[in-house]
Amino acid sequence: MIGIVVISFMPYFVEMGVTRKNYFYGNTIASLCLSILIPVFAYVLTIFEKLILGNFKEPNFNIKSAADGNFIGDLLQSILITPYVDVETNILLSLAVFSLNIFAFYLIGSLIGAAFYRLGVIGGILVIAIGIVLITAKDSMQRIEMDLPLFETYAFFDAVPSNIAYILLVVVMLIPLILIRTLIKRAPIKI
């Protein structure tokens, strides 16, 4: 989560005359571009790898979920095993899903960093809990939209229709942006 350390550059930029609003917009645009370029570079690297290592047997990465009703286990799985689309079935969807996941984790990391910067330790710890809820909601909405099975603990999300899940996914992605902007709007500059 590189987004956590991004807030530490804010005092430097403000000292150089950059407004907090411009810092926020620049940081958001940079994170969006970074989340798009990382999957593209990874895909290009994968193509080169296949050209070089074409004679070797491809590894099989089948991840099977054993849902046993364990809330903590489901929570960790929903954070660690994000929705996935195989590159060979649909390249653009795969890159878009990977970019969305990177952007979401970047935003949550930036939100956590801004909370620790502005609110201190207690506020930062509370925002970590909010971040976990947002990531879980994003992954669940993404799974509904892509017709992937939900984890057993989050079965209550099954009632959400697919078209509403897309709208909720956008809303869940906007929440960290709004919270980050609110936190750094009047943040004191610590030197």
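Before reading on, note that the structure itself is shown above.
Here's a quick rundown of the structure. (Residues numbered from 1 in each chain as written. Predicted model: local features only at pLDDT ≥ 70, side-chain atom pairs only at ≥ 80, totals over all residues. Heavy atoms only, no water.)

## Things to note about the nonpolar core
Turning to step 1, where the next piece is worked out: In this structure, Ile7, Met10, Tyr23, Leu107, Leu111 and Ile184 are the most contacted members of the largest nonpolar core, which totals 26 residues.
Turning to step 2, where the next piece is worked out: Among the elements of the structure, helix H3 (20-52), helix H5 (91-145) and helix H6 (162-185) are those that each provide at least two residues to this core.
Turning to step 3, where the next piece is worked out: With 14 residues, the top contributor of residues to this core is H5.
Turning to step 4, where the next piece is worked out: Setting aside chain neighbours within four positions, we find leucine 107 in contact with Met173, Pro176, Leu177 and Ile180.
Turning to step 5, where the next piece is worked out: Counting 9 residues, the second-largest nonpolar core is a separate cluster that includes Ile144, Phe151, Tyr154 and Leu169. (Core = buried A, V, L, I, M, F, W, Y, C linked by side-chain atoms within 4.5 Å. Buried < 20%, exposed > 50% of the residue type's maximum accessible area, 1.4 Å probe, protein only. Helix = DSSP H or I, 4+ residues; strand = E, 2+ residues; numbered from the N terminus. Contact = heavy atoms within 4.5 Å.)

## Some thoughts on the pattern of salt bridges
Turning to step 1, where the next piece is worked out: Within the structure shown, the criterion is met by 1 salt bridge.
Turning to step 2, where the next piece is worked out: A salt bridge links aspartate 139 to lysine 138, with the nearest nitrogen and oxygen atoms 2.7 Å apart. (Salt bridge = Lys/Arg side-chain N within 4 Å of Asp/Glu carboxyl O.)

## Quick word on the packing of aromatic side chains
Turning to step 1, where the next piece is worked out: One pass over the full model with this rule turns up 3 aromatic pairs.
Turning to step 2, where the next piece is worked out: Relative to phenylalanine 13, the ring of tyrosine 12 lies with its centre 5.6 Å away and its plane at 65°, an arrangement referred to as edge-to-face.
Turning to step 3, where the next piece is worked out: A relative accessible area of 47% places tyrosine 12 in the partly exposed class.
Turning to step 4, where the next piece is worked out: For phenylalanine 13, a relative accessible area of 33% translates into the label partly exposed.
Turning to step 5, where the next piece is worked out: Taking the centre distance of 5.9 Å and the plane angle of 40° together, the rings of phenylalanine 13 and tyrosine 23 count as tilted. In this pair, phenylalanine 13 is assigned in helix H2 (residues 10-15) and tyrosine 23 in helix H3, connecting sequence segments 10 residues apart.
Turning to step 6, where the next piece is worked out: Residue tyrosine 23 is classed as buried on the basis of its relative accessible area of 7%. (Phe/Tyr/Trp six-rings, centres within 6.5 Å; stacked < 30°, edge-to-face > 60°.)

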